[in-house]
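Remarks on the overall topology
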Amino acid sequence: SSAIGKINKIAETNLSLSHPKLVRIIEQVKSELGKDPKPKIIILANLTTSVKSITNALALELEGINVSGYIGDDSDNRRKDILKDFSDGRIDVLVTTHDAVRGDYFPEGQEGKKYILISYEPDEDTHGIAVNRITKNGALPLTRDILYVSQGSMDNAVKNKLLGEPSIAQSYILSYFY
């Protein structure tokens, strides 16, 4: 039944649904997808458990929103299918690891589409690569670039380094401290 599926998803969601970053990401995605035209949202995380937790939390909390995630352990065919569905508009929110940015299974920007990049766990090495791939090295605009930063954590140092990068500082970076 549907209730059992929901209970299983809750059990798979390692992050508490009350975690401030997760609460804010759910609010942000809901707000952004309520706009017209609807943007394409890409959420990056460092940990595969975070990818699974974010994907499950969004699926549980936001009815009618198509969200999917993939990790390095997923098959090439699964990653290709998810990427195609995201590019074709059948998936609203793509959640993946920062490592995906370096591989073949990361979306390239499409002209006329609005993109929002959210780094749940900022990574200084791959964030700029992600921005360049989505914007085709600055040829396409990035609607919003959001870093979620935990106060007193390594996220803060990454945020400071990223804000010092000219190519990234031109993006719209919002930081939320918890």
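So, how was this worked out
Residues numbered from 1 in each chain as written. Predicted model: local features only at pLDDT ≥ 70, side-chain atom pairs only at ≥ 80, totals over all residues. Heavy atoms only, no water. Helix = DSSP H or I, 4+ residues; strand = E, 2+ residues; numbered from the N terminus. Buried < 20%, exposed > 50% of the residue type's maximum accessible area, 1.4 Å probe, protein only. Contact = heavy atoms within 4.5 Å. Areas by Shrake-Rupley, 256 points an atom, 1.4 Å probe, with all protein chains shown as cover. pLDDT = per-residue confidence, 0-100. Core = buried A, V, L, I, M, F, W, Y, C linked by side-chain atoms within 4.5 Å. Phe/Tyr/Trp six-rings, centres within 6.5 Å; stacked < 30°, edge-to-face > 60°. Lys NZ or Arg CZ within 6 Å of the ring centre and 35° of its normal. Axes fitted to C-alpha atoms, helices over the stretch in contact; angles between N-to-C directions. Parallel < 35°, antiparallel > 145°, perpendicular 65-115°, else oblique. Left-handed = near helix turned anticlockwise from the far one by under 90°. Nonpolar A, V, L, I, M, F, W, Y, C, P; charged D, E, K, R; others polar. Salt bridge = Lys/Arg side-chain N within 4 Å of Asp/Glu carboxyl O.

1. Thoughts on the overall build of the protein chain
The helix and strand inventory of the protein chain stands at 7 helices and 6 strands. If you list the helices and strands of the protein chain from N to C, you get α-α-β-α-β-α-β-β-α-β-α-α-β. A total of 178 residues make up the protein chain; the buried ones form 47% of that total. In the protein chain, once contacts between residues fewer than 6 apart in sequence are set aside, the share between residues at least 24 apart is 74%. Here the protein chain has roughly 8900 Å² of accessible surface; of this, 48% comes from carbon and sulfur atoms.

2. Thoughts on the confidence of the model for the protein chain
Averaged over all residues, the pLDDT of the protein chain is 76; the fraction at 70 or higher stands at 73%. Note on residues 166–178: pLDDT under 50 across the span, and 42 contacts to partners over four residues away in sequence or across chains.

3. Observations regarding the nonpolar core
Counting 22 residues, the largest nonpolar core has V29, I43, L58, V93 and I118 as its most contacted members. When residues of this core are assigned to their parent elements, the largest contribution, 5 residues, is made by helix 2 (residues 20–33). Non-local contacts of L58, meaning those with residues more than four positions away in its chain, are made with I25, I26, V29, I43, V67, V93 and V95. With 18 residues, the next largest nonpolar core counts A100, V101, Y115 and L117 among its residues.

4. Description of the packing of aromatic side chains
Per the counting criterion, the structure on display carries 0 aromatic pairs. Across from the ring centre of F86, 4.4 Å away, lies the NZ or CZ of K40, which sits over that ring.

5. Some thoughts on the packing of helix 2 against helix 3 (residues 48–61)
Orientation of helix 2 relative to helix 3, taken along the N-to-C sense of each, is 55 degrees, at an axis distance of 10 Å. With respect to helix 3, the axis of helix 2 lies oblique. The way helix 2 lies across helix 3 gives a crossing that is right-handed. Contacts between helix 2 and helix 3 pair L22, I25, I26 and V29 from the former with I54, A57, L58 and E61 from the latter. Here the residues of the contact of helix 2 with helix 3 sort into 7 nonpolar, no polar and 1 charged.

6. A word on the pattern of salt bridges
Side chains carrying opposite charge are able to pair once their charged atoms draw close together. This model, assessed by the stated rule, comprises 9 salt bridges. Notably, a salt bridge pairs K35 with E32, separated by 3.2 Å at the nearest N-O pair. One salt bridge connects E108 with R133, and the closest N-O pair in it is separated by 2.9 Å. Taken as a pair, E108 in the loop between strand 3 (93–97) and strand 4 (115–119) and R133 in helix 5 (residues 124–135) lie far apart in primary sequence, 25 residues in all. Its relative accessible area of 38% is what places E108 among the partly exposed residues. A network of salt bridges, in which partner residues are shared, links K84, D85, D88 and R90.

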